[in-house]
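# Structural overview for review
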Amino acid sequence: MRYNSIRSMDISNGEGIGVSLFVQGCHFHCKDCFNTETWDFDGGKAWDKSTKDTFLKLCEKPYIDRITILGGEPLANENVRSVLELVQEIHDRFPQKKIWIYTGYVWESILYPIITDNLDFERDQILEDRRHILDYIDVLIDGRFETKKKDRNLHWKGSSNQRVIDVRKSLEEKKIILKD
């Protein structure tokens, strides 16, 4: 995985004060995307042990309420394994902090992926990893940004087709529960 930037004190990508990681690479290329510099999977900087340690050090500060991962596309095939490992570690180390993820994928395609029966183990593992991420996060903002549905008055999302999903409640109740 590569990353574009880290915000050490972010108030715009989730509730409260957070640390945000902008991963590098996205296949969606939404029209009028605010972050086109994150599209190139070869751009940005290497996500290495030193960078990860620095990121986790920022997360441990007592005034940090949440950690947000966005991009780029955190759930892109090229990023999903590293994101899964990262959210597992954040969840284990900081159980009191909320984890938010922004993705162009929709809830239904993450929760109910179509597993192939043609022995494409690599693809099936990616789909399973994507689903497994939900076990560690608290809020998922799903859906691609759509210019025609852009609304600056929306909380935590750019267009009205996107949903801010309370992952814990949604998994528990087996239906989508939107965050208030």
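Above this text is the structure in question.
Residues numbered from 1 in each chain as written. Predicted model: local features only at pLDDT ≥ 70, side-chain atom pairs only at ≥ 80, totals over all residues. Heavy atoms only, no water.

We now examine the overall build of the chain. Broken down by element type, the chain carries five helices and seven strands. Along the chain direction, N to C, the helices and strands of the chain fall in the order β-β-β-α-β-α-β-α-α-β-β-α. For a compact globule of 180 residues, the expected C-alpha radius of gyration is about 16 Å, and the chain comes in at 16 Å, within 12% of that figure. Considering only C-alpha atoms, the chain reaches an extent of 45 × 40 × 35 Å along its principal axes. Taken over 180 residues, the chain has a buried fraction of 45%. If you take every contact in the chain between residues at least 6 apart in sequence, the share linking residues at least 24 apart comes to 64%. (Helix = DSSP H or I, 4+ residues; strand = E, 2+ residues; numbered from the N terminus. Rg over C-alpha atoms; globule rule 2.2 N^0.38 Å. Buried < 20%, exposed > 50% of the residue type's maximum accessible area, 1.4 Å probe, protein only. Contact = heavy atoms within 4.5 Å.)

Below, the discussion takes up the packing of helix H2 (residues 80-93) against helix H4 (residues 121-133). Where H2 meets H4, the closest approach of the two axes is 9 Å, and the angle between their N-to-C directions is 30°. Compared by their axis directions, H2 and H4 come out roughly parallel. Pair H2 / H4 crosses with left-handed handedness. Where H2 approaches H4, its residues Val80, Arg81, Val83, Leu84, Val87 and Gln88 are matched on the opposing element by Gln125, Ile126, Asp129, Arg130, His132 and Ile133. Tallied by class, residues from the contact of H2 with H4 come to six nonpolar, three polar and three charged. (Axes fitted to C-alpha atoms, helices over the stretch in contact; angles between N-to-C directions. Parallel < 35°, antiparallel > 145°, perpendicular 65-115°, else oblique. Left-handed = near helix turned anticlockwise from the far one by under 90°. Nonpolar A, V, L, I, M, F, W, Y, C, P; charged D, E, K, R; others polar.)

Here the residue pair Gly71 and Gly72 is connected by a cis peptide bond, since its omega of 25° sits within 30 degrees of zero. As for its placement among the helices and strands, Gly72 is situated in the loop between strand E4 (66-70) and H2. Located in the positive-phi region is Trp156, a residue other than glycine, with phi close to 65°. Under the relative-accessibility criterion, Trp156 is labelled buried at 18%.

What follows is about the nonpolar core. In this structure, Phe55, Val87, Ile133 and Ile137 are the most contacted members of the largest nonpolar core, which totals 34 residues. Counting only elements with at least two residues in this core, the list comes to strand E2 (18-23), helix H1 (49-59), E4, H2, strand E5 (98-102), helix H3 (107-111) and H4. Once you skip the residues sitting within four places of it in the chain, Ile137 turns out to touch Val87, Ile99, Ile101, Val167 and Arg168. Grouped together as the second largest cluster of nonpolar side chains are eight residues, Phe22, Leu70, Trp100 and Trp156 included. (Core = buried A, V, L, I, M, F, W, Y, C linked by side-chain atoms within 4.5 Å.)

A few words on the packing of aromatic side chains. Here the structure, examined in full by the defined rule, presents four aromatic pairs. With 5.1 Å between their ring centres and 65° between their planes, Phe28 and Tyr105 make a pair best called edge-to-face. Pair noted here: Phe28 is in the loop between E2 and strand E3 (45-46) and Tyr105 is in the loop between E5 and H3, with a separation of 77 residues, a long-range link. Considering the side-chain rings of Trp100 and Trp156, the 5.1 Å spacing of their centres and the 80° angle between planes classify their relative orientation as edge-to-face. Note that Trp100 is positioned in strand E5 and Trp156 in the loop between strand E6 (139-142) and strand E7 (163-166), a separation of 56 residues in sequence. Members of the aromatic cluster, joined through ring pairs, are Tyr3, Trp47 and Phe55. The positively charged end of Lys97 is found above the aromatic ring belonging to Phe94, 5.8 Å away from the centroid. One cation-aromatic arrangement involves Arg130 over Tyr105; the distance from NZ or CZ to the ring centre is 4.1 Å. (Phe/Tyr/Trp six-rings, centres within 6.5 Å; stacked < 30°, edge-to-face > 60°. Lys NZ or Arg CZ within 6 Å of the ring centre and 35° of its normal.)

Right, let's get into the sheet that holds strand E1 (residues 2-10). Pairing between the strands of a sheet is mediated by backbone hydrogen bonds and can be parallel or antiparallel. Ordered in space as E3-E1-E2-E4-E5-E6-E7, the seven strands form an open sheet in which the pairing is mixed. This sheet does not close on itself; its edge strands, each paired only once, are E3 and E7. Both E1 and E2 contribute to a ladder of five bridges, which runs antiparallel. Considered in E2, the bridge of Ser5 is made with Phe22. (Pairing = 2+ DSSP bridges.)

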